[in-house]
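Listed here are the chains, written in short residue letters.
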Amino acid sequence: MADTMVETTRPIVSVRDLAVEFRQHTGIVRALEAVSLDLHPGRVLGVVGESGCGKSVTARAMLRILDRNGSITAGRVTLDPGTAAEQDLTALEPEGAQIRSVRGGRIGLIFQEPMAALSMQYTVGNQLMEAIRVHRDPGKAKARERAISLLNEVGIPRPETRIDAYPFQLSGGLRQRVGIALALAAEPDVLIADEPTTALDVTTQAQILALLRRLQRDKQIALMLITHDMGVIAQMADDVAVMYLGRIVEFAPVRELFKHPQHPYTRALLRSVPNLDATPRQRLATIGGAVPQPGSRPVGCPFHPRCPEAIPGRCDTMVPAPVPPGAAGASCFLVEDAAA
Amino acid sequence: MSGSLTDDSLASAGQLRLTWLRFKRHKLAFVSLFIVILFYLVAIFADFLAINDPHAVDARRGYLPPQAVHFFDSDGFNPHVSGMKGQRDMKTFKQVYVPDPNKKLSVTLFARGYEYELFGLISTDRHLIGLAKPELLDGIYLLGTDALGRDLFSRVMVATRISLSIGLASVSLSLVLGILLGGISGLYGGLVDLFIQRVIEIIRSIPTIPLWMGLAAALPNTWSVIQVYFAITLIISLIGWTELARVVRGRFLALREEDFVIAAELVGASQFRIMLRHMLPSFTSHVIAAVSLALPAMIISETSLSFLGLGLRPPAISWGILLQDAQNVQVLAGAPWLLLAAVPVIVVILAFNFLGDGLRDAADPYG
Amino acid sequence: MNVLEVSGLSKHFPIVAGILRREIGRVRAADDVNFVIEKGKTLALVGESGCGKTTVARCILRALRPTAGAIRFAPDDERMIDLAPLSRSALRPLRRHIQLIFQDPYASLNPRMMVGDIIAEPLVVTGVPGPEREARVRELLDLVGLPAVARLRFPHAFSGGQRQRIGIARALALNPRLIVADEPVSALDVSVQAQIINLLLDLQDRLGLSMLFVAHDLGVVRHVSDRVAVMYVGRIVEVAPTTELYATPLHPYTRALLAAVPKADPEARDAITAPRGEVADPANPPPGCAFNPRCPFVIDRCRQDRPELVEVAPGHLSACFRATELMA
């Protein structure tokens, strides 16, 4: 994997200036602001952040599966940008046939809780075959063959018998494997995995991460991996977008990000990760305070109340420019000043 | 850390206030709340709102159609109703009363009428409206009269009291039974739970109408109105408690596993304290919601029992008894206004249902 | 001196079927568990879901009655009381000495009580008079780093980390000897997680607390614990001083757990490896060593005999036939 961005590959999905709002009884909550990112074939984009940072909302907005009270207020999500087949997903009907052929067709989705994607009333095989036949129907017998080979591909032992099992008969790890098989059923070019291993045990997590890595490499899939775990990012991502309160605060290739984090939030986040080489009773570095509740968004840079390096009069009044799409950078006045 | 601590009003708002805020957003339920309150006010001030003695019988003014109140006449503002003129129908040779436009009867506020006791304590004869100078057969019949010449409006007012209070009494009784048995069931579990649950299932599996009929038939004819009233309350609540017991049991079972209940147990709090301090407050809102959904069922029960002649019996007045008069198609053809007694039933039942839904949603936003 | 000595602790849950509720099997959620916690020290109990760590914690809190074994606890420096056979009423005066910090900071606080009342509840129960209570609540809030006004607020006004602080203040109200922390940070954001871990460490230093820290991975454990016990399918497979466990793990499962933690270092990419297969079913564990179907070091003996937990190096216990080979 090249460490720096490969300028020559054309992104398969490109998100520009995406903004999302939710109507709540307390008022309108801005969940996403000026989010821009690209997914490239064969590359893994890690999206990392704490609760409420908007990482899941980004994925849901891209696939047009926001909750009813949420709406995209600005921006574009382009599939195959710069080609003849280019289409803007934000312009499609959220329940229409076009977006449905993209969702689960061109773009596969893996959920945190595989139960969300699987129905308890149908066997694994039923659901896999349905997914296969919806997008490209090869006939029933062929679909079953393909379902078995998919299960085999995601490392499920004895797929010929497991295909007739119901999801509740499987363990959490196997269920997530089925979830991945389901996402792969229509041979997507893009996979969005939203905290795919958060609900799993460590050893199972390691297995699933290895599986995702292998599949992504073999099929040259563009993978968008959403997680709160810096460890998972370090192991999996090629490029990393760090999010905080609905904004991408830093974007960089993974090695660059871990070696030279630019944004004070990224730096603090990296320092507060528990360390396997720590001495016993060693204190962890902390970030003061907590992520503000949605709706009580600070004025200025969203991170400034917790930022040890905040510039009074500047960070608390003005919002730093967003990270330019496609290039490494941080949305921070300090970084802007250093560059100038 | 200060971020969320500054929002004072909401931060120090108790669960009750939050429930109230959520409830207020439920427009239909909020309106229903006022309707329900209005009905209970009517129940409390029934005699004051009534115009004529609801028991006063006079066959001569039987089946009077509803009368309109006119507010103005040629002299300006002068609320009045037309007097009645007796005449003989030349086809049927029946004595009928027709409005006499030449006879104006002035209406005043706080007029004197029949004697009653406000709140059962204060003896008075003041009513909200009445005739300024009442004469023998004159009166205001806003909703007309029934066969025996009793004023329907006044009867509806008084019936509201009986029907609503019987609902309330039945619900209270069911609530006591429900909380007690549901609580025991949920708290102790095991065989006790098994037994109570089976009893509930058996009671719920018996068709209610035959059960009521059997029980009501057992009431001696010689019982007074009050005795029958309480007997009916008992019969209705005997069936009604099962639903409440289930709600209470379910909440108990859920709460027993809650972390904060375990936390109280771990500091050595007594069972009694845990129940009183942690469990009861956590399901009062659910119980209130369940009650507001059970109330209309109780009211309907009374109405249908009385309608079928199995519940209260005249001279008691309840919605069911009023509707009993409207059972006959022939009567209805001649005096369709008797059906107006069904309007308050429909309105209050709908209001209670909306209210209950709103309360339930507000109490448990996740359920 | 030991605050807690657990020996031979087992908790079996019967699997029943039919109307007669006949026992058709047993889930050995905890089987012959032995460990001690020294005064002022922390033992971490680590394992994946279904390993029995929560069962053990609940037995020590006596929210569960153990099937067998002894839980000897020292409520003060003189006495050593076996909690395992005690009745509900006999337990009540002892409860105040062992307190729990919950995993879920949302469910563990009564949403209908003000924070001040939540923290004061243990004091009320033990009959501390009103004015003294008020002062103690302020002191406790200060101790966990919350402003005094917090006592007049309801839990919903606080973030997850703040709620966890409130839970800690409640647990400390009665000056317990032993704190059982049941995955206290796994529901929190990374940045908040660090705050809570540091708070626990500071409190332990200041108050001389002993702690049982239950965790599902080896990530944060390194920072908080003096000794680590690793559980797999109801049994402890390895116990060692923290540094030693991380440096020379002497059980293949511990090794697997360590290797499975995704390291926050993109240079060490392929270091992440996973054991094959799945965690064994505690209702139907494989014969011999429960880890044998997943173990890269498995030998025939592992499939027949169950290895006992024995001291392999000073203070380092492992339940593996090949532990000494792993040392090399």
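Reading guide: rules and limits
- Counting from 1, residues in each chain are numbered in the order their sequence is written.
- Each chain gets a letter, beginning with A, and each ligand a number, beginning with 1, in the order they are written.
- Given that this is a predicted model, residues contribute local features only at a pLDDT of at least 70 and side-chain atom pairs are listed and counted only at 80 or more, while totals for whole chains, interfaces and linings are drawn from all residues.
- Water and hydrogen atoms were dropped before computing side-chain values, which therefore reflect all heavy atoms in the structure.
- Secondary structure follows DSSP: runs of H or I at least 4 residues long count as helices, runs of E at least 2 residues long count as strands, and numbering of each begins at the N terminus.
- Restricting the calculation to C-alpha atoms gives the radius of gyration, and the globule rule supplies 2.2 Å times the number of residues raised to the power 0.38.
- We call a residue buried when its accessible area falls under 20% of the maximum for its residue type, exposed when it is over 50%, and partly exposed in between, using a 1.4 Å probe and counting protein chains only.
- Every residue pair with non-hydrogen atoms within 4.5 Å of one another is taken to be in contact.
- Values of accessible area rely on a 1.4 Å probe in the Shrake-Rupley scheme; residue burial ignores everything except the protein chains shown.
- When a carboxyl oxygen of Asp or Glu lies within 4 Å of a side-chain nitrogen of Lys or Arg, that pair is called a salt bridge.
- Counted as a polar contact is a pair of N or O atoms within 3.5 Å, where, for protein atoms, one must be capable of donating a hydrogen and the other of accepting one, and residues adjacent in sequence contribute only when both atoms are in side chains.
- A pair of strands counts as paired when DSSP detects no fewer than two bridges linking them.
- Note on definitions: angles span 0 to 180 degrees between N-to-C directions of axes, and those axes are lines fitted to C-alpha atoms, for helices only across the stretch in contact.
- Note on terminology: disulfide denotes any pair of cysteine sulfur atoms within 2.5 Å.
- The term buried area denotes the loss of accessible surface (1.4 Å probe radius) that occurs when two parts are joined, taken as the sum for both partners.
- Confidence of the prediction at every residue is given by pLDDT, a number between 0 and 100.
- Domain start and stop positions are those given by an automatic or database domain assignment.
- In this classification, the charged set is Asp, Glu, Lys and Arg, the nonpolar set is Ala, Val, Leu, Ile, Met, Phe, Trp, Tyr, Cys and Pro, and all remaining amino acids, among them Gly, are polar.
- We define a nonpolar core as any set of buried Ala, Val, Leu, Ile, Met, Phe, Trp, Tyr and Cys residues linked to one another through side-chain atoms lying within 4.5 Å.

1. A short note on the overall build of chain C
Part 1: For chain C, the helix and strand inventory stands at 10 helices and 12 strands.
Part 2: For a compact globule of 328 residues, the expected C-alpha radius of gyration is about 20 Å, and chain C comes in at 21 Å, within 12% of that figure.
Part 3: Seen through its principal axes, chain C has C-alpha atoms that stretch 70 × 60 × 45 Å.
Part 4: Out of the 328 residues belonging to chain C, those deemed buried represent 57%.
Part 5: Taking the intrachain contacts of chain C between residues at least 6 apart in sequence as the baseline, contacts between residues at least 24 apart amount to 64%.
Part 6: Surface exposure of chain C reaches about 12700 Å², of which carbon and sulfur atoms provide 52%.

2. Some words on the interface of chain B and chain C
Part 1: Contact with chain B, which involves 30 residues of that partner, is made by 36 residues of chain C.
Part 2: Applying the counting criterion to the chain B and chain C interface returns 2 salt bridges.
Part 3: Among the salt bridges present, the one from Glu-121 of chain C reaches Arg-273 of chain B, with a minimum N-O distance of 2.8 Å.
Part 4: Our count for the contact surface shared by chain B and chain C stands at 5 residue pairs in polar contact (both at pLDDT 80 or more).
Part 5: Listing elements by their share of the side of chain B that touches chain C, those giving two or more residues are helix H1 (8-11), helix H2 (15-24), helix H9 (259-266) and helix H10 (271-307) of chain B.

3. Describing the sheet that holds strand E11 (residues 310-313) of chain C
All names here are of chain C.
Part 1: With mixed pairing, the 8 strands of this open sheet are ordered in space as E6-E7-E8-E3-E9-E10-E12-E11. Sheet topology places strand E6 (98-101) and E11 at the edges, where each strand pairs with a single neighbour. Across this sheet, the average inter-strand angle for adjacent strands is 25°, counted without regard to direction.
Part 2: Taken together, the 3 bridges between E11 and strand E12 (residues 316-318) define a ladder with antiparallel strand orientation. Along E12, the bridge assignment pairs Glu-311 with Leu-317.
Part 3: Packed on one face of the sheet, helix H5 (residues 160-172) meets E6 and strand E7 (178-182) and runs near 175° to E6.
Part 4: Along the sheet, helix H9 (residues 252-260) makes contact with strand E3 (42-46), strand E9 (227-232) and strand E10 (235-241), crossing E9 at roughly 100°.

4. Comments concerning the state of the cysteines
Two cysteines form a disulfide when their sulfur atoms are joined by a covalent bond.
All names here are of chain C.
Part 1: If you walk through the whole model with that rule in mind, you get 0 disulfides over all chains.
Part 2: Among the cysteines around Cys-51, which has no disulfide bond, Cys-59 carries the closest sulfur, lying 13 Å off.
Part 3: Cys-302 carries a free sulfur, and the closest cysteine sulfur to it, the one in Cys-289, is 6.0 Å from it.
Part 4: In this structure Cys-302 comes out as buried when scored by relative accessible area, which is 8%.

5. A few points about the environment of Ser-71 of chain A
Residue and element names in this part refer to chain A.
Part 1: As for its position among the elements, Ser-71 is in strand E4 (residues 70-79).
Part 2: A relative accessible area of 28% places Ser-71 in the partly exposed class.
Part 3: Between the alpha carbons of Ser-71 and Glu-21 there is a distance of 5.5 Å; along the sequence they are 50 residues apart.
Part 4: Setting aside residues no more than four positions away along its own chain, Ser-71 makes contact with Ala-19, Val-20, Glu-21 and Leu-66.

6. Observations regarding helix H1 (residues 53-60) of chain C
Part 1: Here H1 of chain C lies mainly inside the structure; 6 of its 8 residues are buried.
Part 2: Once H1 of chain C finishes, Arg-62 of chain C follows within two positions and takes phi at roughly 55°, a positive value.

7. With respect to the interface of chain C and chain A
Part 1: Counting residues at the interface gives 52 residues for chain C, matched by 52 residues for chain A.
Part 2: Here chain C meets chain A over a buried area of about 4000 Å², counting both sides, of which 52% is carbon and sulfur.
Part 3: On the chain C side of the contact with chain A, Val-190, His-223 and Arg-269 of chain C bury the most area, a combined 18% of that side's loss.
Part 4: The tally of links from chain C across to chain A stands at 6 salt bridges.
Part 5: Across the salt bridge formed by Arg-281 of chain A and Asp-226 of chain C, the nearest N and O atoms sit 3.8 Å from each other.

8. Some thoughts on the confidence of the model for chain B
Residue and element names in this part refer to chain B.
Part 1: Residue-level pLDDT values for chain B average 79, and 92% of them are 70 or greater.
Part 2: Taken element by element, chain B is modelled with least confidence in H1, mean pLDDT 55, and with most confidence in helix H3 (residues 27-44), mean pLDDT 90.
Part 3: In the model, residues 1-8 has pLDDT below 50 throughout and makes 14 contacts with residues more than four positions away in sequence or in other chains.

9. Points about the domain arrangement of chain B
All names here are of chain B.
Part 1: Domain annotation of chain B identifies domain 1 (30-44 + 155-363) and domain 2 (59-149).
Part 2: On a C-alpha basis, the centres of domain 1 and domain 2 stand 37 Å from each other.
Part 3: Contact between domain 1 and domain 2 buries roughly 680 Å² in total, counting both sides, with carbon and sulfur atoms accounting for 73%.
Part 4: Interface area lost by domain 1 to domain 2 is led by Ile-44, Trp-337 and Leu-340, which between them contribute 59%.
Part 5: The tally of links from domain 1 across to domain 2 stands at 0 salt bridges.
Part 6: The tally of links between domain 1 and domain 2 comes to 0 residue pairs in polar contact (both at pLDDT 80 or more).
Part 7: In the side of domain 1 that touches domain 2, the residues fall into 7 nonpolar, no polar and 2 charged.

10. As for the sheet that holds strand E7 (residues 190-194) of chain A
Sheet strands line up and pair through hydrogen bonds in the backbone, either parallel or antiparallel.
All names here are of chain A.
Part 1: Pairing is mixed across the open sheet formed by 7 strands, whose spatial order is E6-E7-E8-E3-E9-E10-E11. Every other strand in the sheet has two partners, leaving strand E6 (107-110) and strand E11 (329-330) as the edge strands with one partner each.
Part 2: In this sheet, strand E8 (residues 222-227) lies alongside strand E3 (residues 44-48) in parallel orientation, the contact comprising 5 bridges. Across the sheet, Val-48 pairs through a bridge with Thr-227, a residue of E8.
Part 3: The strands touched by helix H1 (residues 55-62) within the sheet are E3, E7, E8 and strand E9 (239-244), with E8 carrying the most contacts at an inclination of about 145°.
Part 4: Contacts from helix H6 (residues 172-184) reach E6 and E7 within the one sheet, and its direction differs from that of E6 by about 170°.

11. Things to note about the nonpolar core
Part 1: Membership of the largest hydrophobic core comes to 72 residues, with the highest contact counts inside it found for Ile-168 and Phe-213 of chain C.
Part 2: For this core, the leading source of residues is helix H6 (residues 190-207) of chain C, giving 8 residues.

12. Concerning the pairing of E6 of chain A
Residue and element names in this part refer to chain A.
Part 1: Here E6 shows a buried face lined by Ile-107 and Leu-109 and a second buried face lined by Gly-108 and Ile-110.
Part 2: Pairing of E6 with E7 involves 4 bridges; the strand directions are parallel. Bridging across to E7, Gly-108 finds its partner in Leu-191.

13. Structural notes on the pattern of salt bridges
Part 1: Applying the stated criterion across every chain yields a total of 42 salt bridges over all chains.
Part 2: Between Glu-5 of chain C and Arg-72 of chain C there is a salt bridge, and its shortest N-O distance comes to 3.5 Å. Taken together, the positions of Glu-5 of chain C in strand E1 (residues 2-17) and Arg-72 of chain C in strand E4 (residues 68-73) put the pair 67 residues apart, joining distant regions of the chain.
Part 3: The partly exposed category is assigned to Arg-72 of chain C, whose relative accessible area is 30%.
Part 4: Members of the salt-bridge network, linked through shared partners, are Arg-281 and Arg-283 of chain A together with Asp-202, Asp-205 and Asp-226 of chain C.

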